[in-house]
Amino acid sequence: MYKNYNKPIDERVEDLLNKMTLEEKISQMIYSSKAIERLDVPAYNWWNEALHGVANAGIATVFPQAIGIGASFDQEMVFQVASVISDEARAKYHEFIRKNDRTIFKGLTFWSPNINIFRDPRWGRGQETYGEDPYLTGRLGVAFIKGMQGDDPKYLKTAACAKHYAVHSGPEMLRHQFNAKVSLKDLRETYLPAFKDAVKEGKVEAVMGAYNSVNGEPACASKMLLEDILRKEWKFEGHVVSDCGAIQDIYEYHKFVETAEEAAAIAVKRGCDLNCGRTYESLKKAVEKGLITEEEINTAVRRLLKTRFKLGMFDPDEEVKYASIPFEKNDCEEHRRLALEMAHKTIVLLKNEDNLLPLDKDKIKTIAVIGPNADNIDVLLGNYNGTPSKYVTALEGIRNAVGEDVKVYYSQGCDLVSTRDSYWGTPATHGFSEAVSYAERSDVVIMCLGISPRIEGEEGLAYLNTDYKGDRPDLNLPGMQEQLLKEIHKTGKPIILALFNGSPITINWAQENIPAIVECWYPGEEGGTALADVIFGKYNPAGRLPITFVKSVDQLPPFTDYSMKGRTYRYMQEEPLYPFGYGLSYSNFEYSGLKLDPQVVDIEELKEVEVKITVKNISNIAGEEVAQLYIKDIKSSVKVPKYELKGFKRIYLEPQESKSIEFTITPRQLSLINEEGRCVLEPGEFKIYVGGQQPDERSKILTGKEVLSVVLNVKGEKVLEVEY
């Protein structure tokens, strides 16, 4: 009966489950699930990745890294990108199946997106996230999940997975045994909202448990996280998978229990259905010892089988509309164009003194492109990436843009990290003289500096940074890069600094001395084209920083401190180098007519507040603007963020064009999280800010602009508990 695709999925799942032996059930709870030939159940490997394109499975379109996607502040574009990724995922999967290839990274269950909060810029995996803000992360995460999972009423296009649940953001070297101590307030206010959005709104099919413990419980065996919040409170019906090796950590490093059988049993009993690892092979012994029952195992297997049925894995291809996506869709020109469009939207213009940019290539005869990231594929791809069939580095993009009429010199200048002479005596400054010579002979210099996924990333992947397992002890330009920049600066030539990085860099000297600075992130296969388009004015940048750039690590609390005090724009008191939400444009925008409806309301009658404002492009250059809405609780019973992002819209405006835009504020967005972790709405005054930046002094200094504000008055005596 389970093969009858006209029957309800729950009935089919139950029929198949009842035909399986205990050993067969357990075999389906390990990421490399074995075939059950007598039941015609094929082998299936659950592990696949699609952070910014189908990863680890050959040629695929490589979009900008997730942190750059965060900088786009563009939900619609994120949905489009995820829809294309899932097109390629389906095209690849069915071609693999036709070749009877069911190995790792070939399935339809993708362990993406990473919606952890980038609370500390030293974390090497912060590049995989959408930044430091819970609201932005939630909005983009939901858009990504919907694009990945499709809109068919019966079948999932692919199964997305929200990770790493929860309170997970380094340090990498401690992740297998670290206990993240977090208040109920910070948990509910910062670390959980994006996961709740993914589950309740995004209907994400899977959630991945983190390596670390949270308040003394391993995340993959946490009653609070998995039972109380995920299943009971949020009514999550999908499956939970462990991070890879995390079940082994429960007994080996966390010492939460003593044996593999105990670790497997408690993880399954508390709601972790699938083991990326091998510890669940101990479940047979766990049953024999009375640590877990077969019925408890059935609950987990039932969830896993349901996901496979929802993906159409037991149905004829002609019944599953996504099975008809041709293999040729993968890596097609249409997708390459979208990768370029997304790369455009990720770029953030950090500085443009005296309007040095855009350059007029008709007035330039020679350009020097200098730096270790100028012709480096690594800094296009980030981590968790696929392999592009072709790619455009910064050097190639600039050469393509200017054509044969402009001479382009290139020098690496120095490598990424070296500060000492080599074994044979080659100095770390070996390439300086060549770089300076080319700069002296050029009309303008484009410096391509920064870091790389070889320096920052996951434990074991960033091989140039083994001492800190991919995290960064400081945020400076590594190696001799800043010294190279200073030497080129001495030539007196105009310099454009292009940064390639997945996390903030403390470029204080550059901000003071270099006229133009462009943040590129890890921009994907068309990154060089996107950078050239911005430099030469073919594209007008409008990206915004999804994370604060501090001036120094001295402004940060200890890395292992998970309290939000002093962290991110929401709680940081010191002046940053570049604020969250900041980014310049070649256009100039004006805001006017900020209105609330209602502006005064009784707390018990409050349903929603409509916010209206007009944005006008007052320049002669067409461009995009990212309108941002922040809310400040003026007087509260507990400590709350300075203000919080609660709305954003990216809009395109022709020269002198105006557009009216609207935001909706809900009671939840006006509520606070108290010390008990309860979500409550208090009467009082709330300041509503709308503009192209956050309402801080540093943004005002950098842009010369202020945001508009108006006060919302919520009257009444009663404090209302609001659904979290």
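Residues numbered from 1 in each chain as written. Predicted model: local features only at pLDDT ≥ 70, side-chain atom pairs only at ≥ 80, totals over all residues. Heavy atoms only, no water.

Another point: the sheet that holds strand β17 (residues 609-617). Read across the sheet, 3 strands follow the order β15-β17-β20 without closing on themselves; strand pairing throughout is antiparallel. Of all strands in the sheet, those bounded by a partner on one side alone are β15 (589-597) and β20 (658-665). Within this sheet the neighbouring strands show an average axis-to-axis angle of 20 degrees, counted without direction. With 8 bridges joining them, β17 and β20 adopt antiparallel strand pairing. Bridging from a neighbouring strand, Lys616 pairs with Ser658 of β20. (Pairing = 2+ DSSP bridges. Helix = DSSP H or I, 4+ residues; strand = E, 2+ residues; numbered from the N terminus. Axes fitted to C-alpha atoms, helices over the stretch in contact; angles between N-to-C directions.)

In this fold, Asn116 is placed in the loop between α4 (75-98) and α5 (134-149). Among the polar contacts listed, one links the side chain of Asn116 to the backbone oxygen of His164, at a separation of 2.7 Å. Filtering out sequence-adjacent residues up to four positions away, Asn116 remains in contact with Trp123, Thr129, Gly131, Lys163, His164, His168 and Phe195. (Polar contact = N/O pair within 3.5 Å; in protein donor to acceptor, adjacent residues only side chain to side chain. Contact = heavy atoms within 4.5 Å.)

Before going further, it helps to spend a moment on unusual backbone geometry. The omega torsion across Tyr165 and Ala166 is 5 degrees, close enough to zero to call that bond cis. Along the chain, Ala166 turns up in the loop between β3 (161-165) and β4 (179-180). Cis geometry marks the peptide bond from Gly170 to Pro171; its omega dihedral reads 0 degrees. Turning to its location among the elements, Pro171 is positioned in the loop between β3 and β4. Positive phi outside glycine occurs at Asn56, with the angle close to 65 degrees. Inspection of the secondary structure puts Asn56 in the loop between β2 (44-45) and α3 (66-71).

A side chain with one charge may pair with a side chain of the opposite charge, provided their charged atoms come close. One pass over the full model with this rule turns up 55 salt bridges. Two residues, Asp197 and Arg139, come together in a salt bridge whose shortest N-O distance is 3.7 Å. With Asp197 in helix α7 (residues 193-200) and Arg139 in helix α5, this residue pair connects regions lying 58 residues apart in the sequence. Residue classification places Asp197 among the partly exposed positions, given a relative accessible area of 21%. Ionic pairing is found between Glu333 and Lys390, a salt bridge with its closest N-O pair at 3.6 Å. One end of the pair, Glu333, is in helix α13 (residues 333-346); the other, Lys390, is in the loop between α14 (378-381) and α15 (394-402), with 57 residues separating them in the sequence. By relative accessible area, which is 44% here, Glu333 ends up partly exposed. Relative accessible area serves as the criterion here: at 44%, Lys390 is assigned to the partly exposed category. Salt bridges here are not isolated pairs; linked through shared partners, they connect Arg125, Glu128, Glu172, Arg175, Glu458 and Glu459. (Salt bridge = Lys/Arg side-chain N within 4 Å of Asp/Glu carboxyl O. Buried < 20%, exposed > 50% of the residue type's maximum accessible area, 1.4 Å probe, protein only.)

Turning to the pairing of β3, a few remarks are in order. Within a regular strand, the side chains alternate between the two sheet faces. Burial of β3 is extensive: 5 of the 5 residues sit out of reach of the surface. As judged from the 3 bridges shared by β3 and strand β5 (residues 206-209), these two strands associate in the parallel manner. Pairing of Tyr165 across the sheet is with Gly209, part of β5.

Turning next to the side chain of Arg698. With respect to the element layout, Arg698 can be found in helix α22 (residues 697-703). Although buried, Arg698 forms no salt bridge, and the nearest oppositely charged side chain, Glu575, lies 4.3 Å from it. Dropping the residues within four chain positions of it, Arg698 is found in contact with Gln511, Glu575, Pro576, Leu577 and Pro579. (Lys, Arg positive; Asp, Glu negative; His and termini not counted.)

Purely geometric stuff here, so don't read any function into it on its own.
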